[in-house]
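The primary structure of each chain is shown beneath.
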Amino acid sequence: MPFTIDFAKKCIVVTGGNRGIGYAFSRAVASAGANVAVIYRSSKDAPQVAEKIGKEFGVKAKAYQCDVSDTELVVKVMKEIDGELGPITGLIANAGVSVPKPALELTKNDFNVVYEVNVFGVFNTARAVTKLWLERGYKGSIVITASMSSQIINQSGQNKPLAQVFYNSSKAAVSNLVKGLAAEWAPHGIRVNALSPGYVKTDQTSHMDKKILDYQARSLPLGRFAEPEEMTGQAILLLSDHASYMTGGEYFVDGGQLIW
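Residues numbered from 1 in each chain as written. Predicted model: local features only at pLDDT ≥ 70, side-chain atom pairs only at ≥ 80, totals over all residues. Heavy atoms only, no water.

### Some remarks on the pattern of salt bridges
Part 1: A full pass over the atoms with the stated rule returns 8 salt bridges.
Part 2: Where glutamate 56 meets arginine 27, a salt bridge forms, and the shortest distance between an N and an O atom there is 2.4 Å. Within this pair, whereas glutamate 56 is found in helix H2 (residues 46–57), its partner arginine 27 is found in helix H1 (residues 20–31), the two being separated by 29 residues in sequence.
Part 3: Between aspartate 110 and lysine 101 there is a salt bridge, with its nearest N and O atoms 3.0 Å apart. (Salt bridge = Lys/Arg side-chain N within 4 Å of Asp/Glu carboxyl O. Helix = DSSP H or I, 4+ residues; strand = E, 2+ residues; numbered from the N terminus.)

### Some thoughts on the sheet that holds strand S4 (residues 90–93)
Part 1: Here we have 7 strands laid out as an open sheet, ordered S3-S2-S1-S4-S5-S8-S9, and parallel in their pairing. The two strands at the open ends of the sheet, each matched to only one other strand, are strand S3 (61–65) and strand S9 (250–253). Averaged over neighbouring strand pairs, the angle between their axes works out to 20° when direction is ignored.
Part 2: When strand S1 (residues 11–15) meets strand S2 (residues 35–40), the two strands line up parallel, connected through 5 bridges. Its bridge partner lying in S2, threonine 15 is registered against isoleucine 39.
Part 3: Here H1 sits on the sheet in contact with S1, S2, S4, strand S5 (141–145) and strand S8 (191–197), set at roughly 175° to S1.
Part 4: Contacting S1, S2 and S3, helix H3 (residues 71–84) runs over the sheet at an angle of about 165° to S3. (Pairing = 2+ DSSP bridges. Axes fitted to C-alpha atoms, helices over the stretch in contact; angles between N-to-C directions. Contact = heavy atoms within 4.5 Å.)

### Comments concerning the pairing of S1
Part 1: In terms of burial, S1 is a largely internal element, 5 of the 5 residues being buried.
Part 2: The side-chain alternation of S1 yields two buried faces, one formed by Cys11, Val13 and Thr15 and the other by Ile12 and Val14.
Part 3: Taken together, S1, H1 and S2 form a β-α-β motif whose crossover is right-handed.
Part 4: Where S1 lies against S4, 3 bridges are found, and the strand directions are parallel. Residue pairing across strands places valine 13 opposite leucine 91, the latter belonging to S4. (Buried < 20%, exposed > 50% of the residue type's maximum accessible area, 1.4 Å probe, protein only. Right-handed = clockwise from strand over helix to strand, strands pointing away.)

### Some details on the environment of glycine 86
Part 1: Its location among the elements puts glycine 86 in the loop between H3 and S4.
Part 2: Classification of glycine 86 as partly exposed rests on a relative accessible area of 30%.
Part 3: Spatially, the C-alpha atoms of glycine 86 and lysine 10 are 7.1 Å apart, while their sequence positions differ by 76 residues.
Part 4: Excluding residues that lie within four positions of it along the chain, glycine 86 makes contacts with Cys11 and Ile81.

### Some thoughts on the side chain of serine 147
Part 1: Tracing the backbone through its elements, the reader meets serine 147 in the loop between S5 and strand S6 (155–157).
Part 2: Take serine 147: its relative accessible area is 6%, and that puts it in the buried class.
Part 3: Setting aside residues up to four positions removed in sequence, serine 147 forms contacts with Tyr167, Lys171, Leu195, Ser196, Pro197, Glu250 and Phe252.

### Digging into the packing of aromatic side chains
Part 1: Per the stated rule, a full pass over the model turns up 5 aromatic pairs.
Part 2: Measuring from ring centre to ring centre gives 5.8 Å for tryptophan 133 and tyrosine 138, while their planes differ by 55°; the resulting arrangement is tilted.
Part 3: Owing to a relative accessible area of 0%, tryptophan 133 belongs among the buried residues under this scheme. (Phe/Tyr/Trp six-rings, centres within 6.5 Å; stacked < 30°, edge-to-face > 60°.)

### Describing the nonpolar core
Part 1: One finds Met78, Ile81, Ile88 and Ile142 to be the most contacted residues of the largest nonpolar core, which totals 42 residues.
Part 2: In terms of residue count, the dominant contributor to this core is helix H4 (residues 108–136) (10 residues).
Part 3: In contact with methionine 78, other than residues within four places in its own chain, are Val13, Ile88, Thr125, Ala128, Val129 and Leu132.
Part 4: One finds Phe7, Val38, Val49 and Leu239 within the second-largest nonpolar core, a separate group that totals 31 residues. (Core = buried A, V, L, I, M, F, W, Y, C linked by side-chain atoms within 4.5 Å.)

### Things to note about the environment of glutamate 56
Part 1: Here glutamate 56 falls in the partly exposed class, since its relative accessible area comes to 40%.
Part 2: Expressed as a C-alpha distance, the spacing of glutamate 56 and isoleucine 92, which sit 36 residues apart in the sequence, is 20 Å.
Part 3: Of the polar contacts made by the side chain of glutamate 56, one reaches the side chain of arginine 27; its length is 2.4 Å. (Polar contact = N/O pair within 3.5 Å; in protein donor to acceptor, adjacent residues only side chain to side chain.)

### Examining the packing of H3 against H4
Two measures define how a pair of helices packs: the angle their axes make with one another and the distance between the axes.
Part 1: Running from N to C, H3 and H4 point in directions that differ by 45°, and their axes come no closer than 9 Å. With respect to H4, the element H3 is oriented oblique. Crossing of H3 against H4: the hand is right-handed. Across the interface between the two elements, Thr71, Val74, Val75, Met78, Lys79 and Asp82 of H3 pack against Phe120, Asn124, Thr125, Arg127, Ala128, Val129, Leu132 and Arg136 of H4. (Parallel < 35°, antiparallel > 145°, perpendicular 65-115°, else oblique. Left-handed = near helix turned anticlockwise from the far one by under 90°.)

Structure representation (structure tokens):
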């Protein structure tokens with residue numbers, strides 16, 4: 001028999017699942033047969049994006065508007081998803097933001113913007129889903145999007161750091177958060193892992209300075225940025241039963257960047 005991963009009759013929640021890497025995640029779990037709940041905050045086209053995914057792969061797919069930093073709203077939305085598309089069997093906590101500014105210009109508000117989504121929002125969604133699983137005794141899998149930036153300071157040129165200290169430090173916090181949640185929830189059979197992308201082509205990178213992008217690409221052993229769909233294989237594996245003994249890990253899909 002060929003090696004296959006089949007998510008038929010499963011329901012996967014993807015936060016930030018309507019664009020960039022999150023959109024690739026949504027399509028990947030749908031292509032494996034799962035119903036997909038796309039969590040978005042403000043994008044007006046998210047419902048159409050979800051509908052398109054559902055039609056393309058013949059699954060149920062729906063967008064749910066939710067600020068992941070709002071604890072009560074997250075709990076409410078997860079219960080709604082569980083009833084409409086579920087039961088929920090997996091989560092990809094992917095929503096993330098950045099405020100690229102020199103450190104001397106950063107403010108408390110900038111800190112709150114980044115950490116409320118990248119750290120507290122991740123915690124909120126993971127906890128809400130886990131509570132549902134504990135109620136029914138389900139052993140699910142959570143994949144949290146961290147970043148290779150949890151380990152390094154990205155450069156815009158030779159010895160020129162990208163100015164995003166709140167983003168980098170938030171991803172380092174997420175890396176450790178994954179370990180803590182994995183340790184606490186392992187006795188319940190719930191697995192928590194981090195997927196840490198390297199440089200990926202997204203709508204955001206299309207607006208960045210071409211000289212910076214060229215320098216970053218040249219710094220990679222493979223000499224190029226990843227396509228968003230190249231992040232999905234590791235996430236699909238971690239969500240599946242093939243990864244039943246994998247928890248508390250951080251898996252880098254970075255084109256070899258951390259070799260250096």
